[in-house]
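Here is how the chains run, residue by residue.
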Amino acid sequence: MSAAEPHTASLSITVTPPDERHEQAKPASQSWFIAKLNPVSRFICPLFMSLPLFFTLDVVSGSIQFGVVLILLWIGGINPLVVMRRTWPVWWGAFFGFITIAMYGRTGGTIYCSWGAVTISDGSLYIACATFLRVAAIAVPSVMFMLDLDPTDLADGLVQILHLSPRFVYGGLAGIRMFTLLQEDWRALGLSRRSRGLGDGNAVARMFSQAFGLLVLSIRRATKLATAMEARGFGSDTERSQARVSQLHTIDWIAYVVSIIIPLTAVGIAIATGNWHSPLRGA
């Protein structure tokens, strides 16, 4: 027995009490400035920056706002190259928009190419460049603000700060949490069908049949989740207490002011230099 004691001691595991554990929290953003913002502010600030650009379509305002946003993100701790890499879907969308408008946009000025319905001219190229820059100026800050945002913190902010319906907000939060399980459910359904010899037929028919099975499984899970949430009082009209307090701080109000000043300044410079162009009229 004594001979086994050293072996037993070598297998002992030291467990730290819960009140003494200090686990490093996952950063809410790569930017120290964005990480300090309330989740609601990270949702509202890109909206403030986007609204003025919907009323103009010119190269000056889009380029100014995009350049200032890149500089502020760099100051906030995110290198411009990292911004470009993390927003690559935006650039693909902006590129295809540029090509489409350049070929089929309103014709004006010198015509460089004309083939059937395709006409490339000074007017179409200008609007294409303005559209490319406007998409970048609107989408890049929106993506960077929303990356690594915790849906639970956002739901708490929507309920406590914007006073939205808890039933709607937490129901949507539950749906988002369940949405991440679809990929695992799809894989499990595929494996179960193959184990019964049902997965070797026509690929298209198999996809539709499996999609219907996934729909039935999702409805069943949603019903059980709704019943569980109802049992825990999520459907009650009684005012709920909050386990996590969500509130605005000084840095949030600073972000609101900056988000309003940047687009208004960009549009103001475009108007002052005579480059402002309404999206409702031609070039």
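Presented here is an overview of the structure given in this document. Everything quoted here is computed from the prediction, not taken from an experiment. (Residues numbered from 1 in each chain as written. Predicted model: local features only at pLDDT ≥ 70, side-chain atom pairs only at ≥ 80, totals over all residues. Heavy atoms only, no water.)

## Thoughts on the overall build of the chain
Part 1: Along the backbone of the chain there are 12 helices and two strands.
Part 2: Helices and strands appear in the chain in the N-to-C order α-α-α-α-α-α-β-β-α-α-α-α-α-α.
Part 3: Expressed as a percentage of the 283 residues in the chain, the buried residues total 33%.
Part 4: On the chain, roughly 18,100 Å² of surface is accessible, and the fraction owed to carbon and sulfur atoms is 66%. (Helix = DSSP H or I, 4+ residues; strand = E, 2+ residues; numbered from the N terminus. Buried < 20%, exposed > 50% of the residue type's maximum accessible area, 1.4 Å probe, protein only. Areas by Shrake-Rupley, 256 points an atom, 1.4 Å probe, with all protein chains shown as cover.)

## Focus on the pairing of strand β1 (residues 111-115)
In regular strands, side chains alternate between the two faces of the sheet.
Part 1: The buried count for β1 comes to zero of five residues, which makes it a mostly uncovered element.
Part 2: Bridge count between β1 and strand β2 (residues 118-121): four bridges; the pairing is antiparallel. Considered in β2, the bridge of W115 is made with V118. (Pairing = 2+ DSSP bridges.)

## Side note on the pattern of salt bridges
Part 1: Taken as a whole and assessed by the stated rule, the structure comprises four salt bridges.
Part 2: Across the pair R177 and D150 runs a salt bridge whose closest N-O atoms are separated by 3.5 Å. With R177 in helix α9 (residues 166-179) and D150 in the loop between α7 (122-146) and α8 (151-160), this pair connects stretches of sequence that are 27 residues apart.
Part 3: Accessibility expressed as a relative area gives 40% for R177, which makes it partly exposed. (Salt bridge = Lys/Arg side-chain N within 4 Å of Asp/Glu carboxyl O.)

## A short note on unusual backbone geometry
Part 1: In this structure, D148 takes a positive phi of about 65 degrees despite not being glycine.
Part 2: If you trace the backbone, D148 turns up in the loop between α7 and α8.
Part 3: Given the relative accessible area of 35%, D148 is considered partly exposed.
Part 4: A positive phi angle, near 55 degrees, is found at H163, a position not held by glycine.
Part 5: Mapped onto the secondary structure, H163 falls in the loop between α8 and α9.

## Some points on helix α12 (residues 250-272)
Part 1: For α12, spanning 23 residues, the distance from its first C-alpha to its last is 32 Å, which sits close to the expected 33 Å at 1.5 Å a residue.
Part 2: Turning to α12, its buried residues are I251, D252, A255, Y256, S259, I262, P263, A266, V267 and A270.
Part 3: Next to the buried residues of α12 lie α2 (32-35), α3 (39-50) and α4 (59-75).
Part 4: Within two residues after α12, G274 carries a phi angle of roughly 80 degrees, on the positive side. (Expected span 1.5 Å × (residues − 1). Contact = heavy atoms within 4.5 Å.)

## Quick word on the layout of surface pockets
Part 1: If you add up the space inside the largest pocket, you get close to 300 Å³.
Part 2: In this structure, the largest pocket is lined by 16 residues; those nearest its centre are F33, L72, L73, F145 and V258.
Part 3: Per-class residue counts for the lining of the largest pocket are 13 nonpolar, three polar and no charged. (1 Å grid on protein atoms, 1.4 Å probe; cavity = no way out; pocket = protein on both sides within 12 Å on 5 of 7 lines; lining within 4 Å. Points joined across faces, edges and corners; volume = space filled by probe spheres on them. Nonpolar A, V, L, I, M, F, W, Y, C, P; charged D, E, K, R; others polar.)

## Regarding the packing of helix α10 (residues 182-195) against helix α11 (residues 203-231)
Part 1: Taken N-terminus to C-terminus, the directions of α10 and α11 make an angle of 125 degrees; their axes are 10 Å apart at the nearest point. Considering their axes alone, α10 and α11 lie oblique with respect to each other. For the element pair α10 and α11, the recorded crossing hand is right-handed. Here L182, D185, W186, L189, G190 and R193 of α10 lie close against α11, whose contacting residues are R206, M207, S209, Q210, A211, G213, L214, L217, S218 and R221.
Part 2: For the contact of α10 with α11, a count of residues per class yields seven nonpolar, five polar and four charged. (Axes fitted to C-alpha atoms, helices over the stretch in contact; angles between N-to-C directions. Parallel < 35°, antiparallel > 145°, perpendicular 65-115°, else oblique. Left-handed = near helix turned anticlockwise from the far one by under 90°.)

## With respect to the environment of R221
Part 1: Structurally, the position occupied by R221 is in helix α11.
Part 2: R221 sits in the partly exposed class, given a relative accessible area of 27%.
Part 3: For the pair R221 and M178, spaced 43 residues apart in the sequence, the C-alpha separation amounts to 8.7 Å.
Part 4: Excluding anything up to four places from it in sequence, R221 contacts M178, L181 and D185.

## Considering α9
Part 1: If you check α9, its first and last C-alpha atoms are 19 Å apart, about what 14 residues at 1.5 Å a residue would give, namely 20 Å.
Part 2: Those residues of α9 that are buried lie in contact with α8 and α11.

## Examining the packing of α3 against α7
Two numbers describe a pair of packed helices, the interaxial angle and the distance between the axes.
Part 1: Relative orientation of the contacting elements α3 and α7 amounts to 175 degrees, with a least axis distance of 9 Å. Viewed along their axes, α3 and α7 adopt a mutual orientation that is roughly antiparallel. On α7, the residues that touch R42, F43, C45, P46, M49 and S50 of α3 are I138, P141, S142, F145 and M146.
Part 2: Its residues assigned to classes, the contact of α3 with α7 shows eight nonpolar, two polar and one charged.

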